[in-house]
Each structure stands twice: as structure tokens, then as C-alpha cells.
Amino acid sequence: MRAMVDVPTLETARLRLRPYRMEDFDAYAEMWADPQVVRYIGGKPFSREASWTRFLRYVGIWQLLGFGFLVIEEKATGRFGGECGFHDLHRAITPSNEGTMEAGYGLVAALHGQGLAEEAMRAMFDWAAVHGRGDRYTAIVDPENLASLRVAEKLGFKRLTVTQYNGAPWVLLEQKRVAAR
């Protein structure tokens, strides 16, 4: 069994990336119920119950895998802004990305288009260079989500293929993981 993991808090110029707190849940559920947020992530707003399951998954994943997602908080206001990080969801896709640190993020709609996803993920990649595992990162993006494909490209991801996931096409991307020296 893995020892208890200290979930990090990371800071960027505009953001604080920190562990989830119970008081985050209402804002979290509101974000995932927003059609603008889920437009390219399944297309259907999440029920409060589905958001709760997702919330618990991201709290617990750190203890099992030693990595996970963090809450994105605006430093200037302290407001909940979304989430970002890494997971391994054992997706049924070909080729498999199981066993990789799959990168992902979600932002409240008011923060879209401000470069915050890239800023947050750069901090996560800096953390993962020291604390991560494996030899590559992966990501999957809806092929119509041009903004997220641009973010992935800026972060160094390369398109591997278009795969099928839950009956829809997704772009599978990867990049090599370079461990910090």
C-alpha cells in the first residue's frame, strides 16, 4: 500500500493550484453543470451526483497514484476557477494510454480564453518533472475543441492518432516526459 501523499500547492503569476476542499464542491458542481464548460467534454451537463463522484475521484486519486488534479484558484480573488492535473482513467481506447499520466483541465466559463489553462498546466508539468512517473504524458481532446488543441500544442504535445472513446472521435496526443535532474 502506498503511504499517504502530501498533495502539493503550486503557485503561478495568477493562480494557486491546491488540494480540493469540501467548500469547493458547490462551485465545482456549478462549473460541471454549465453547458459551455462541457461542450467538448461529453456535451451534457453533469448532474450534481456525477459531479460529486468526479470530485471524490480527484480527491482520492492522489493517495493511490501519487499524482492527480488540483483546484485552480484565482490568486487575486480566491475564487474557484476550475481544476487541472493528471489522472489515469484506464480508458478503453486504442492505442491504450493506460499507465500514463493523462493531462487534463477544466475552467469555469468566465476564465476561458485568458491563457490560464496553459499557465496552470505548465505548473503541473514542472511538478511532474520532479514527482511524476513513466516516460510519457498523454491527453485526449475532442477534435472540434480547437482552443484545447492549441493549448496542448503549446505545452509540447504531438498528435498520435484519432481514436474512438464512448462512441465519438478523440484526438490522442502524447509528449515525452523528461524528468528533472
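Below is a short write-up of the structure. The structure presented is a predicted model; accordingly, all values stated were derived computationally and were not measured.

## Here's the deal with the pattern of salt bridges
Phase 1: Applying the stated criterion across every chain, the model contains 13 salt bridges.
Phase 2: One salt bridge in this structure joins Arg 18 and Glu 73, with 2.6 Å as the shortest N-O distance. Of the two residues, Arg 18 sits in strand β2 (residues 15-18) while Glu 73 sits in strand β3 (residues 69-74), which places them 55 residues apart along the sequence. Glu 73 shares its class with Arg 18; the two are buried.
Phase 3: Ionic pairing is found between Glu 102 and Arg 91, a salt bridge with its closest N-O pair at 2.8 Å. Taken together, the residues span a long stretch of sequence, with Glu 102 in strand β5 (residues 101-107) and Arg 91 in the loop between β4 (80-87) and β5 at a distance of 11 residues.
Phase 4: On the basis of relative accessibility, which here comes to 3%, the residue Glu 102 falls in the buried class.
Phase 5: A single salt-bridge network, built from bridges that share partners, covers Glu 11, Arg 16, Arg 18, Asp 24, Glu 73 and Lys 75.

## So, helix α3 (residues 48-65)
Phase 1: In this model α3 runs 26 Å from its N-terminal to its C-terminal C-alpha over 18 residues, within 8% of the 26 Å that 1.5 Å per residue would give.
Phase 2: Residue Val 59 marks the point of greatest curvature in α3, where the axis turns by about 30°.
Phase 3: Along α3, the positions that sit buried rather than exposed are Ser 51, Arg 54, Phe 55, Tyr 58, Ile 61, Trp 62 and Leu 65.
Phase 4: Contacts made by the buried residues of α3 are with α1 (25-32), β3, β4 and α4 (116-131).

## Things to note about the side chain of Glu 74
Phase 1: Tracing the chain through its elements places Glu 74 in strand β3.
Phase 2: In this structure the side chain of Glu 74 is engaged in a polar contact, spanning 2.9 Å, whose partner is the side chain of Arg 79.
Phase 3: Dropping the residues within four chain positions of it, Glu 74 is found in contact with Arg 14, Leu 15, Arg 79 and Leu 111.

## Looking at helix α5 (residues 146-154)
Phase 1: Turning to α5, its buried residues number three or more, namely Ser 148, Leu 149, Val 151 and Ala 152. Down the axis of α5, the smallest arc covering the buried residues is 160°, so these residues share one side. Exposed side of α5, more than 90 degrees from the buried face: Leu 146, Glu 153 and Lys 154 are the residues found there.
Phase 2: Structurally, α5 contributes buried residues whose contacts are with β5, α4, β6 (136-141), β7 (158-165) and β8 (168-176).
Phase 3: In the segment just after α5, Gly 156 is the residue with positive phi, at about 100°.

## Let's talk about the pairing of β5
Phase 1: In terms of burial, β5 is largely enclosed, as 6 of its 7 residues are buried.
Phase 2: Across 2 bridges, the pairing between β5 and β6 is parallel. Paired with Met 101 across the two strands is Tyr 137, which belongs to β6.
Phase 3: The handedness of the β5 to β6 crossover, carried by α4, is right-handed.

## Section: unusual backbone geometry
Phase 1: Residues Thr 94 and Pro 95 are joined by a peptide bond in cis, for which omega reads -5°.
Phase 2: Here Pro 95 shows up in the loop between β4 and β5.
Phase 3: For His 90, which is not glycine, the phi torsion reads 55° and is therefore positive.
Phase 4: Of note, His 90 is situated in the loop between β4 and β5.
Phase 5: Positive phi, normally seen in glycine, also occurs at Asn 166, with a value near 50°.
Phase 6: Assignment of secondary structure puts Asn 166 in the loop between β7 and β8.
Phase 7: Residue Asn 166 is classed as exposed on the basis of its relative accessible area, which comes to 70%.

## Notes on the packing of α1 against α3
Phase 1: Where α1 contacts α3, the two axes come as close as 9 Å, and the packing angle between them is 120°. When the axes of α1 and α3 are compared, the pair comes out oblique. As α1 runs across α3, the sense of the crossing is right-handed. Judged by residue contacts, Phe 25, Asp 26, Tyr 28, Ala 29 and Trp 32 of α1 engage Arg 48, Ser 51, Trp 52, Arg 54, Phe 55 and Tyr 58 from α3.
Phase 2: When the residues that make up the contact of α1 with α3 are grouped by side-chain class, the tally is 7 nonpolar, 1 polar and 3 charged.

Definitions and limits used
- Residues numbered from 1 in each chain as written.
- Predicted model: local features only at pLDDT ≥ 70, side-chain atom pairs only at ≥ 80, totals over all residues.
- Heavy atoms only, no water.
- Salt bridge = Lys/Arg side-chain N within 4 Å of Asp/Glu carboxyl O.
- Helix = DSSP H or I, 4+ residues; strand = E, 2+ residues; numbered from the N terminus.
- Buried < 20%, exposed > 50% of the residue type's maximum accessible area, 1.4 Å probe, protein only.
- Expected span 1.5 Å × (residues − 1).
- Bend = angle between axes of the 7 residues up to and from the residue.
- Contact = heavy atoms within 4.5 Å.
- Polar contact = N/O pair within 3.5 Å; in protein donor to acceptor, adjacent residues only side chain to side chain.
- Arc of directions from axis to C-beta.
- Pairing = 2+ DSSP bridges.
- Right-handed = clockwise from strand over helix to strand, strands pointing away.
- Axes fitted to C-alpha atoms, helices over the stretch in contact; angles between N-to-C directions.
- Parallel < 35°, antiparallel > 145°, perpendicular 65-115°, else oblique.
- Left-handed = near helix turned anticlockwise from the far one by under 90°.
- Nonpolar A, V, L, I, M, F, W, Y, C, P; charged D, E, K, R; others polar.

In short, geometric facts, not functional conclusions.
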